[in-house]
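Each chain is listed here by its residues.
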Amino acid sequence: MPDSNFAERSEEQVSGAKVIAQALKTQDVEYIFGIVGIPVTEIAIAAQQLGIKYIGMRNEQAACYAASAIGYLTSRPGVCLVVSGPGLIHALGGMANANMNCWPLLVIGGSSERNQETMGAFQEFPQVDICAEELGNNVKPAVTLLGNIHAVTKQLLEELDKTPWQYPPESKWWKTLREKMKSNEAASKELASKKSLPMNYYTVFYHVQEQLPRDCFVVSEGANTMDIGRTVLQNYLPRHRLDAGTFGTMGVGLGFAIAAAVVAKDRSPGQWIICVEGDSAFGFSGMEVETICRYNLPIILLVVNNNGIYQGFDTDTWKEMLKFQDATAVVPPMCLLPNSHYEQVMTAFGGKGYFVQTPEELQKSLRQSLADTTKPSLINIMIEPQATRKAQDFHWLTRSNM
Ligand SMILES: Cc1ncc(C[n+]2csc(CCOP(=O)(O)OP(=O)(O)O)c2C)c(N)n1
Ligand SMILES: [Mg+2]
């Protein structure tokens, strides 16, 4: 297809996001509260382009309470925009409250891709019971086993003991895997060795990994923060790693860290919980820092701060942008306030807070935090707001409709 022709056609195409935004505008909706992510970011952007104000919040519960109060205050429904699955679940509190108050409220939740429905798509509601019909609903298996997982695994292990078998090390699959691991490692190493400031994710994780105690619990949530952290930060003991998991729920991290800390205190005193949070992820349950301080739990919180959800702006760009219009009209929905001093949430309750911008500051603050067993700490690590992960071969790892 010639280029000009293509351009004409794509101009004619109207995205679903624009249709939704236009429908809201037609209904005189003035305000949207929410938290963006795949696949609803485009709706917030399209709404802003039509003059609807978008207010990005830190937890869907608060976003939904805010949206419901708009309905009461203005007599036009407020809108709450959330991602599918965990975002919608967090909004339930606001929906129930609005319902009881008889306040008008419109909650728009994302959806997983239609062609992956019932196949365990990203953030699709999980099916709890595993029944025979579920087997092979996503990938066609060579063999299916239906049974109690403990019993079946035991039988498999017994059989393997009797006739030991290994996947042939010279097979094509193993070879490809080994080559890929090598090239991934090399690419990560190169990024980690970059000396430029602000730091990137790989430099941060390289220095964290260097000091990570072998027996610590690693807890993590975020998008880039968690995904890159998963590839670099090692844990050695079983059941010592907790993260946002398959549902990708933001807001679980501090709760998981607190649970790990109380278990560790009872069963294996002396173990640290290292909780690695994206700056957006931290905001979902940030006030639990008070709980951490109240019980004086052995937790070190690392907030990997890029001023946003996936990406953000630096302070200069932020200031420039605000010269033009009301922030609710111009601030991209994924941006958070630049240079936020999240470490002060920790110092507010008596823990230790560090604001770090260089590898040396990061190394030093980590050393001090690990040495001080009398207090929890929070290290707020500033990174390049536009830093990304290294290029991925599989598009579904970084899929976004933006
Ligand atoms: C409850 C919930 N709401 C919204 C989302 C959408 N979402 C996915 S990752 C993310 C935050 C990513 O930002 P951050 O934690 O700062 O990590 P970064 O990618 O910037 O390192 C959000 C809001 C989600 N997964 N769960
Ligand atoms: Mg972030």
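Rules used in this analysis
Residues numbered from 1 in each chain as written. Chains lettered and ligands numbered in written order. Predicted model: local features only at pLDDT ≥ 70, side-chain atom pairs only at ≥ 80, totals over all residues. Heavy atoms only, no water. Pairing = 2+ DSSP bridges. Helix = DSSP H or I, 4+ residues; strand = E, 2+ residues; numbered from the N terminus. Axes fitted to C-alpha atoms, helices over the stretch in contact; angles between N-to-C directions. Contact = heavy atoms within 4.5 Å. Donors = N, O, S within 2.8 Å, 3.2 Å for Na, K, Ca; no water. Buried < 20%, exposed > 50% of the residue type's maximum accessible area, 1.4 Å probe, protein only. Near = heavy atom within 4 Å. Polar contact = N/O pair within 3.5 Å; in protein donor to acceptor, adjacent residues only side chain to side chain. Areas by Shrake-Rupley, 256 points an atom, 1.4 Å probe, with all protein chains shown as cover. pLDDT = per-residue confidence, 0-100. Parallel < 35°, antiparallel > 145°, perpendicular 65-115°, else oblique. Left-handed = near helix turned anticlockwise from the far one by under 90°. Nonpolar A, V, L, I, M, F, W, Y, C, P; charged D, E, K, R; others polar.

### So, the sheet that holds strand E3 (residues 78-82)
- Taken in spatial order, the four strands make up an open sheet running E2-E1-E3-E4, and their pairing is parallel. Unpaired on one side and paired on the other, strand E2 (53-56) and strand E4 (105-109) mark the two borders of the sheet. Recorded for the sheet is a direction-independent mean angle of 25° between the axes of neighbouring strands.
- Pairing geometry for strand E1 (residues 31-34) and E2, over four bridges, is parallel. Each residue of the ladder has a partner; that of isoleucine 32, found in E2, is tyrosine 54.
- Strands E1, E3 and E4 of the sheet are contacted by helix H4 (residues 60-74), whose axis makes an angle of about 160° with E3.

### Structural notes on the coordination of the magnesium ion (ligand 2)
- The protein atoms that coordinate the magnesium ion (ligand 2) are Asp279 (OD), Asn306 (OD1) and Gly308 (O), at distances of 2.0 to 2.1 Å.
- Donor residues for the magnesium ion (ligand 2), ordered by position in the chain, follow D-x26-N-x1-G. The exposure classification of asparagine 306 matches that of glycine 308, with both residues buried.

### Considerations on the site of ligand 1
- Contacts to ligand 1 come from 24 residues, most closely from Glu60, Tyr201, Thr225, Gly248 and Asp279.
- One nitrogen or oxygen atom from the main chain of serine 280 is found 2.9 Å from an oxygen atom belonging to ligand 1.
- Glycine 308 places a main-chain nitrogen or oxygen 3.0 Å from an oxygen atom of ligand 1.
- Surface burial for ligand 1 is 97%, taken as the share of its 580 Å² of free accessible area covered by protein chains.

### Regarding helix H9 (residues 224-232)
- Along H9, the positions that sit buried rather than exposed are Asn224, Thr225, Met226, Ile228, Gly229 and Val232.
- For H9, the elements touching its buried residues are helix H8 (201-211), strand E5 (217-221), strand E6 (241-243), strand E7 (273-278) and strand E8 (299-305).

### Side note on the confidence of the model for the protein chain
- Residues with a pLDDT of 70 or more make up 94% of the protein chain, whose mean pLDDT is 91.
- Under a pLDDT of 50 for its full length, residues 1-9 has, in the predicted model, two contacts with residues more than four places off or in other chains.

### Details of the packing of H8 against H9
- One can describe the packing of H8 onto H9 by two numbers: an axis separation of 10 Å at closest approach and a directional angle of 50°. It follows that H8 is oblique to H9 by the angle criterion. Along this stretch, H8 crosses H9, giving a crossing that reads as right-handed. For the pair H8 and H9, the contacting residues are Tyr201, Tyr202, Phe205, Tyr206 and Gln209 in the first and Asn224, Thr225, Ile228, Gly229 and Val232 in the second.
- Among the residues making up the contact of H8 with H9, the classes are represented as six nonpolar, four polar and no charged.

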